[in-house]
Every structure is written in structure tokens, then in C-alpha cells.
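# A closer look at the structure
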Amino acid sequence: MQFHSIPATATQDPCTTYRDISEPHRSVAFIPEGTDRLICDRALIPAWYRFSNGDMPTSCVPSYHCGTNAPIWYDGSLPTAADGIVNGKACINFGQATSAAAYGGTSCCHHSLPIQVKNCGGFNVYHLTRTPACFMAYCAGNQHVCPIGQTNIGANRCTDLYPKMVNFPTLGQPYIDQNNHVQFPCHILYPKGEPDVGFDVTWTADGQTIVDPNTNAPVVTKLTGDNRDALLDGIHMEGHMGKTLKCNVTSYHLSTPGIKSDSLSSNGFWAGIRASSNAIIADEKGTEQEVTLESTVPIPCNDPHKQACDVQVEMMSSKDPFDVSTSSCTYPLRYDNASHTYKATIKVTATRDFVKDGDQIHELAFRPLLTWTNPMFNGYNINPIQVTSKDRPHALCSASGDPHFRQIDRRGRMDVYEVGDFVMYKSSTRPFEIHIRTWSCGKFHPCICAITARENNDVVSIDMCEKRKNQIAAPDVKVLSNGPLHSMTIDRDKSGKNFFLNFASGARLSVGAHVAKVNHGRELDGHMSVSLQAPTDDMEKSEGLCGTFDGVDANDLQGGDNHVYDTHHIGDFAHSWLLKPGTSMFDSLPLFNARYERPEVFCKCDHSRADCTKAKGNNPSKQNCNGKCTTVNVQGGTHPRDLDYPFETPVKRNFNSVHIPRRRSFPTPSGITQTMATTACTNAIHSASLYTRCQSVLPSEISQHYIDACVEDMMFADGDEFNIAHMTSFDVECQDAVLRNVSNYSVGPNRERIPPTDVTIHMCPNQCSRRGTCHEGLCACQAGYTGVDCSVPVGVAPVVSHFRGDGVCSIRDRACRKVQVIAQHLMDVPELKCRYQAAEVHNGGLHPYGSVIVTPAKFISFLEVECSLPQNGVSTKDSIADAFIVSVTTDGKAYSAPQPFVVYDGACQVCDVNGNCTMKGNSCLIENECKAAGEQNSDHTAYCSPSTDPHSWTSDATLTEINHYTASRSGCQCGFDKTRFDCACCRNEGCQCGDARPNLCTNCENIDFCATYPDIIE
């Protein structure tokens, strides 16, 4: 298009100030071909114009005329000179297939533009405006014109100015050539056999010309002869990845190289790494989402299997990396045999953050790529992926006292007045469940005395039920499953009274261990308070005593029989979750599933670091254990022998034999009235550590729940034994409510949420035992008390109840180098020590000797420490029984009363804690060593025969013959029973003795005498 401006006069008459448009292909008669460059007036400057090749048509012009898609014609008659400037309408025809109604026009005038026309005598001028889109153009004239690329100047017919390309070039899939370079192929669809043609091929990325970095000149490929294919080497794509690549071709005659066609562009090829979805939704309640990254460009690789080559894509989160997590922070794009592409899969999970922070929109961004082997990817920024995380609430369920439940959704109290094993909580869609065991506290209502918890294959128990008469039951933390824990960790607080099970799902189980005086103070019974935070995964998918987690309180009393009970039958509801004897996790483990042995990995990828864990959840309570957490290291699948821990036979509980007495009423035997109990319990709950903090946070019905539960427990216990448990449970509920509110958090230097200190690290354990005041996490104890929770009387030595294993240890069971001391008044302090003195076991008694040794003790819980002992004489075979006199201290001054720890060889004897040892039958004690029946001496000339002489070797003439013919006692097929392979293997042409002595061989001639041979072992 050519524009010619005529200088304006003072009058600004459009007949003299117009611009000239000289474009013959605006003719109504011209129909463009497929590869012609179409005319578009979108960039036209609004002004007066004169068409050099005629006037605008005044009737409908078909589409695809005038050198454009949508031609524009004048609707009406052109004016006369006397009419002056006339306002008119220019009609745009979009084509017959276009609905006129959609644009508010008619069949040939789908859209209109305002136009002005003036007759200047010998010609007309038009005031034109720019078109709303491409390709639309004003028509002018109706004469025949040559097609684009041809001319009729100096001739009667149209001739080519340059080779006419009737097809667009095609850009094919990139490939790797024999030199291991990526090549992008461009093919020109033009007939071969024309020697005078030439083509110039250039390249653009998102419309920007690709240049040679060394010369800064465009990368051009010149094709002549029959060559119709151009290649762009991938080295020129550095800095252009993530853009649409096109090849652009101009044609010319080699005889007239200065006259070239307009450039024709190929189809576009987007070169880069694309995501299968640019926006995903990750729901805290839902499953992980997958996004596949795929390179549209092959990756050069010298490995014939294409498995050892990749491009590393590294993630970084550009907003709040703690609300979503991915399966890794680095992803190698590797060859996929199925699709023959290079790809990687990102798994995105909404973090179970246990905070009400609303739905969040994040970007999962990527670091610019850096690769020496594939330079075209250098500096490439992959487009970020938008992730919307859907916020969901978590569940809280607690039980305290004897026990009183706060269910997940239901507001009323739910009490369990029955002994046995119960399902406290269970997910119906994932392997997660909590069982509790209740047992009578003293003579009255039951208490929780043990829990088992499972996630995936991990099963852990905390048990205070294993109480024997006149002993204290210390909390015993055990891994019941085989192998190390994959899906949970265990912590305790500094007091050793509170344990915390943190699960990979984000769930957290808090277990408070307490001791109550029962039977008029003559005994101490252990009981537990339990609080569970469950993740959003279990929403609408939970069951058990805690109720259904769905935000509806009406169905929280749905029983294990699927019946929904009313408030008048809460006892029946609780009973429906009672497990049959032997079916709980206390007695039998769930089936092992190998799928859970490879835990998922969840990573938070920040700008400067990658934090990967096995935890899907990020529970803000996890790092809080009423202050600093101490990890409890327990091992699963390990024999007690390897842990040097005594195996104690579980106490068999006959739940049917326990009778719960009828409900008491006030006043209690000691004179406590209901008014007195109500006052005491109200004061207790109101003095809980967090009561003031949560007065405005929790509804009053919650504090009233704990007051009512406390009053009932005072009635049954005839004292305030359970008050601290209820106070602590109230604090747990307060802490949960505060930590749910995202506005209570501050933001750390790495954009992490920092929970408020007043409900976390500044909390004190166990209400300072109500014998002190709490200040920023530290108890200031009243006079006469000490310890982190003010529970230990000053100057009072620990009072030992017993040693685990009852103070005796056989080296046949374990190393006997550790003794677990169960005692009262223990503290986790540097002064916690063990003291021991060796003692000789002789004549049915213990006789101390040697020095008294003091060593550090290992704090296990508020009722247990572990002492390490030196090697004993039994292990060194210096004696068959040895002993140590052990005591413990918490201040280095006052020691507990010394208690004996007896070590013996259990192969031939049984010893008690006083040093009384009794020989076992079917064994010998020879030369101060235990020998099993049939065991031979070192030169194989005599053996242990308890019936002959349990204290001396017994000789037998057949021993030489037996040893000569017997190669091994087992491992060969039995001659008398071909299905068995546990008989003796013979040598020196001996024969098996048969079923009389299946593990012996002899001279084949003496088989009939085998029954008289001694039963020898190696």
C-alpha cells in the first residue's frame, strides 16, 4: 500500500489535503490466493484518503475479495460536488456463513463503520477509520489486476516477478542428527526441476528474528537448485526456548536476485518444556495431583537406551512454600519409551497445615535451567504452574478422667463406663486407627491405661496397664510392628509425663500419663488422658468413639453396628465399639502391606533451600511439647535380647471379671459435697494455664464440660486426683483453637509461620502440678518442691517400686548390661545418676564387694530411668550367677534404697532376686558352666547326662562311633520317612539310626543298637 500526502492549505479542504492510497489489489475483481499477504486496515490512521485506482463500490462485495478476508463497501450512493461532505456507512462483509444477527447487521453488512465522503469534481475522497480487526480492508476500483507476485508492465499479460509459492512452508518435528545436534527442519513445497529459483530461509521465535550470536546477523539458509529443506541447529535456540518457532521463506529468481517475494511463514512449533496443566486445584481433603512436564524438543544423548541423559528441572516456590508440597524439588526429564518424549511427573499435595487460612493461590515456579550438555536450555524459564489449595478443617477428639470424651462434632459429653479394648478412632479409607484399653481405677469407674496407634505399617503402644500387685506401672513405649518407623515419630516433654505421636499424615496423638492414689492411698494406679488431632483426609471417613468427622453433630453417636444411638443410650453406643478379646492391636497386628514400606516424600521448595520429609502434614503443634521436645528412640522388629530389655509376660486381663460398682452420690466417704466439688473443679479449670488466653476463644460450654467431668471424677475418686488431667485437656483444646487461626502467627525469615509462644514454647508441663506458677515456659515452684513441673519434693530420694523383669536377668535372653528402674520422684536433670556395687551370689544370698560406682542415668519417664552396668561374671564365664546392688538419685545426695539385680545363666538354673538359684531339669552344671543334656565336652569323649550325674561329664564307649559316622545332626532326608529332611547326615559309609535316634549315624551293622545310644548334640 502506498500513501501520498498532499500539503494542507489554510482552509484544510479534504480535496487538497487528502492522503493517497495506491493499492491496485483493493480492486473488487481481485481474489487473493492462499499464500498471498492479505490487506488489513487495522493500522490505518484516521484521515481523508483518495484511492488512486477508483472509488469504493456501492453494492455488496463478496468475502475474500479486494485482497482481504472481509471486504468493506460503501452503503449508499456517492455524493455530487454540490453535496459537500456527506456522512455515510461503510459495511463489512464477514461472509455468507456468518450470522448477521450475531453482529446486529444484515446478510452483507454484518458490521459497519462511520465514513465521510466528498466529491471533489473529478474524484472522491473518503474519511476512513481503522478497522476493528484483521483481515478487513476498504475496497476501491473494479479493474482486473495481476495476481500478487506478477506484473503486466511492458506486456499484455501478467508475468512472474519471482517464483510463486502457492503453499506455506512446513516446520517439522525436531530431531537429533548423527552429530548429536538437535535440528529443526523446514520444508518448502515447491516443484523441483526449475534451475532459476532460489529461496532464503530465516527463523523467528515469537516473531523475533533469530540471529547468529557471533555476527549478530540473522541466521539465513540459502537454497538453490532442487534443495527444498533448511535446518536450524539447536545451538541457535539458546535464549529462545519457551517460544513459538517459525521458518520464513522468500523466493526469487537467481537471474534477478534483487526482486523477492513477500516472506511466507510456516506453521508454528512451540519449543520448550510444557506442563500438562497450567492450573490445578489441590484439596487438603483430596488426593495428590499430578502434573507432567514434557519437553517438545528431544534431548541429545550418547546413551543408546536414552536413560542416562536428562535435563534437570529444579523447582522453587514463589509464594508460601509451606501450603503445598511436591514429590521432589528436582526433576530429571527422561526419555519415555511409550510416548518417545522426554518427561517428568510432579506430584502436588496440599499440605495438611491444621490452620484455618482459607483457599490460597500459589505459583509453583522453576529455576532457570543450567545445563552444559544441552546449551539451548540454558537460562530457560519454564512457565509457572498455578496451584489453588483448598482449605479444610481438621478434627479434635479428647478423653480425660475415667474417661470423659469430647467428640469431634458433638457438643455433649460421652462417657465410657466399661472395661476392655475400644476403637477410639479409625479412618475408613486409609490405614490409621487408635485403640484404647480401659481398666478399673481402684474399685470404681474405668480409666484409659493404654493406647495403640497405627498409621500404615507402623504400630506403637504406650501401656500403663501392666501393673502387678504392690508395683507402679510406668508408661511403657513400644514399637509393636516390625522394622523401623516410617510413618510416625515419638516425642516426650521434659517432665516425662506427656508423650506425643506425630504421624506423617499430620495427625497427632497426645498422651498424658498420670498416677492416682487408690484404695485409700495404699496403691498407685496409672491412667491416661488422650487428645487426637486428625487431618482433613478423614473428613466424612472416620468412625469410633470420637464420632464421625463431618461437621454434623447428630451422627456422632453412630455405633460400630452402624446404628445411630440417642443420648439416652450412650452406654450402648460405647459398647458397640468394644472389640472382641484378642482382636485389638494390643493382641494382634494388622496385616503387613509392602506398599507402605516406601513412604511418599513431600518437599517444600523455597528460593534457597529444599525441605523434604515423609510427612504430608505440617501440624504446628508438632514442635511443641509444653516447651522443647525430646525424641523417644524406640525400635521395632528387634528382639528384646538386642535391645537388652526384659521381656515381661503381659498381664492377662479377664475383662468379664471386672465389676463396676453402682454410681456413688455426694457426699463422698471423706465428706466432699457436690458444692465443694463444683467449687474445686471450677477453680481448677479457671486456673488452667491457658484459661485466660481462651476465655474469649472457646465457648463457655467447653470449660463447663471439663468442670462437669471433674466433678464426677471427684465423686468417684473421693479426691482431686483427676483435676490436673482435666486442666491439661482444657489447655490442649485451647491450644488447638488458637493455632487454627492463621492471624495468630507471625512470619519468619523464610516465610514460615511461627506459632504464638503463649500456647507453645511458653507453656508449662502439667499445670506446674498446682505447686507453682508458670512464666514463659518455666515453673516457679513453691517452697518444698522442685522439678520442671514442681512434682518432686525437695530432698526426697527416689522411691523404687521394682526393676523391670523383677530384678533378674538370664544372659540366654539378653546381655544384662542395662537395668530399668521403676521409681517415684524422678526428674530429667544432670544430677540424675545410678549407683551400683558388684555382689557375689553364693549359698543362696548376695554378698557385695568392691567399689561403689556412680554413672549417669538415662531418663525414660517420670517413673522410669535406665542404668548401664559393666560386664558381669556370667558373660565372661567366671560364674554362673552374678549380681549388682543398684540405687538412683536425682540430686547426687539422696539415693533410693538399694535393690539387687541378679544375672544368671538360664540354661541350667533359675534364680530369684535374692540370689536363690535352683537347677533346671534336663541340664548339667559342670565345671561351673551350664550344659544342655547331650552336650559333649571339648574332646568329644563325654557328654552331659542329667540322669546319670548333672555335675560331671558322663563317658560312653559309643561316642567315638557316633562322632565317626555322623557328619551333622540334621539336614538330610530321613530313611524312615522320605518326606522329612531333618535327620542326620552320615559320613564314612555310616547309616542313619532311624526313628529311634534320627539325629545320629552309626556303623551300618549296629543299627539295631541305636535305641541304647545316648541322645547326643554337638
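Cut-offs applied
- Residues numbered from 1 in each chain as written.
- Predicted model: local features only at pLDDT ≥ 70, side-chain atom pairs only at ≥ 80, totals over all residues.
- Heavy atoms only, no water.
- Buried < 20%, exposed > 50% of the residue type's maximum accessible area, 1.4 Å probe, protein only.
- Helix = DSSP H or I, 4+ residues; strand = E, 2+ residues; numbered from the N terminus.
- Pairing = 2+ DSSP bridges.
- 1 Å grid on protein atoms, 1.4 Å probe; cavity = no way out; pocket = protein on both sides within 12 Å on 5 of 7 lines; lining within 4 Å.
- Points joined across faces, edges and corners; volume = space filled by probe spheres on them.
- Nonpolar A, V, L, I, M, F, W, Y, C, P; charged D, E, K, R; others polar.
- Disulfide = S-S within 2.5 Å.
- Phe/Tyr/Trp six-rings, centres within 6.5 Å; stacked < 30°, edge-to-face > 60°.
- Lys NZ or Arg CZ within 6 Å of the ring centre and 35° of its normal.
- Axes fitted to C-alpha atoms, helices over the stretch in contact; angles between N-to-C directions.
- Polar contact = N/O pair within 3.5 Å; in protein donor to acceptor, adjacent residues only side chain to side chain.
- Contact = heavy atoms within 4.5 Å.

### Side note on the pairing of strand 3 (residues 47–51)
For strand 3, the buried fraction is high: four of the five residues fall into the buried class. Of the strand pairs in this sheet, strand 2 (residues 19–22) and strand 3 are connected by three bridges, and their pairing is parallel. Bridged to isoleucine 21 within strand 3 is phenylalanine 51. Pairing of strand 3 with strand 7 (residues 124–128), which is carried by three bridges, proceeds in the antiparallel orientation. When the sheet's bridge partners are listed, tryptophan 48 is paired in strand 7 with histidine 127.

### Remarks on empty space enclosed by the protein
Counted according to the given criterion, the structure contains three cavities of 30 Å³ or more. The computed volume of the largest cavity comes to approximately 300 Å³. Around the largest cavity, the lining comprises 27 residues; the ones closest to its centre are Phe500, Ser510, Asn626, Thr728 and Val732. Listed by contribution, the elements that provide at least two residues to the lining of the largest cavity are strand 40 (498–503), strand 41 (508–518), strand 42 (523–534) and helix 8 (723–740). The dominant element in the lining of the largest cavity, judged by the number of residues it contributes, is helix 8, at six residues. For the lining of the largest cavity, a count of residues per class yields ten nonpolar, 14 polar and three charged. Along its surface, the second largest cavity is lined by 14 residues, and Ser495, Val788, Asp789, Leu826 and Met827 are the ones closest to its centre.

### Considerations on the layout of surface pockets
Vacant regions in the atomic arrangement are exposed by a probe of water-molecule size rolled over the atoms. Taken as a whole, the second largest pocket spans an internal volume of roughly 870 Å³. If you go around the second largest pocket, you meet 27 residues; those closest to its centre are Lys497, Val515, Glu721, Arg771 and Ser791. Sorting the residues of the lining of the second largest pocket by element identifies strand 41, strand 42, helix 8 and strand 52 (792–793) as the ones contributing at least two each. By residue number, the principal contributor to the lining of the second largest pocket is strand 41, which donates five residues. Classifying every residue of the lining of the second largest pocket gives 13 nonpolar, eight polar and six charged.

### A look at the state of the cysteines
Under the defined criterion, the tally for this structure stands at 26 disulfides. With its sulfur 2.2 Å from that of its partner, cysteine 91 forms a disulfide with cysteine 109. Taking the sign of the S-S torsion, -80 degrees for the link of cysteine 91 and cysteine 109, the bridge is left-handed. Of this pair, cysteine 91 sits in strand 5 (residues 85–92) while cysteine 109 sits in the loop between helix 2 (100–103) and strand 6 (111–119); the two residues are 18 residues apart in sequence, bridging distant segments of the chain. Each member of the pair cysteine 91 and cysteine 109 is classed as buried.

### Considering the packing of aromatic side chains
Summed over all chains, the structure comprises eleven aromatic pairs. Judged by centre distance (5.8 Å) and plane angle (40 degrees), the ring pair of tyrosine 691 and phenylalanine 730 falls under tilted. Highlighted residues: tyrosine 691 in helix 6 (residues 691–694) and phenylalanine 730 in helix 8, separated in sequence by 39 residues. Through pairs of rings, three or more aromatic residues link up here, namely Tyr425, Phe432 and Phe503. Lying across the ring of phenylalanine 123, arginine 50 places its NZ or CZ 3.9 Å from the centre. Directly above the aromatic system of phenylalanine 586 lies the positively charged group of arginine 437, at a separation of 4.4 Å from the ring centroid.

### Notes on the sheet that holds strand 58 (residues 858–861)
Pairing between the strands of a sheet comes from backbone hydrogen bonds, and it takes one of two forms, parallel or antiparallel. Judged by pairing direction, the sheet is antiparallel, and its four strands sit side by side in the order 53-55-59-58 without closing on themselves. Pairing within the sheet leaves two strands with one partner each, and these edge strands are strand 53 (799–803) and strand 58. In this sheet, adjacent strand axes meet at a mean angle of 35 degrees when their direction is disregarded. Inspection of the sheet shows strand 53 paired to strand 55 (residues 818–824) by four bridges, in the antiparallel sense.

### Observations regarding the sheet that holds strand 60 (residues 881–889)
A sheet is described by the order of its strands in space; here five strands give the open sequence 54-61-60-56-57, paired in mixed fashion. The sheet is open, and its two borders are formed by strand 54 (808–810) and strand 57 (845–856), each paired with just one other strand. Pairs of neighbouring strands in the sheet enclose a mean axial angle of 25 degrees, with direction left out of account.

### Some remarks on the side chain of threonine 760
Its place among the elements puts threonine 760 in the loop between strand 48 (753–754) and strand 49 (772–775). One polar contact links the side chain of threonine 760 to the main-chain carbonyl oxygen of proline 756, over a distance of 2.7 Å. When near neighbours in sequence (up to four residues on either side) are disregarded, threonine 760 contacts Asn624, Asn626, Gly627, Gln735, Leu739 and Pro755.

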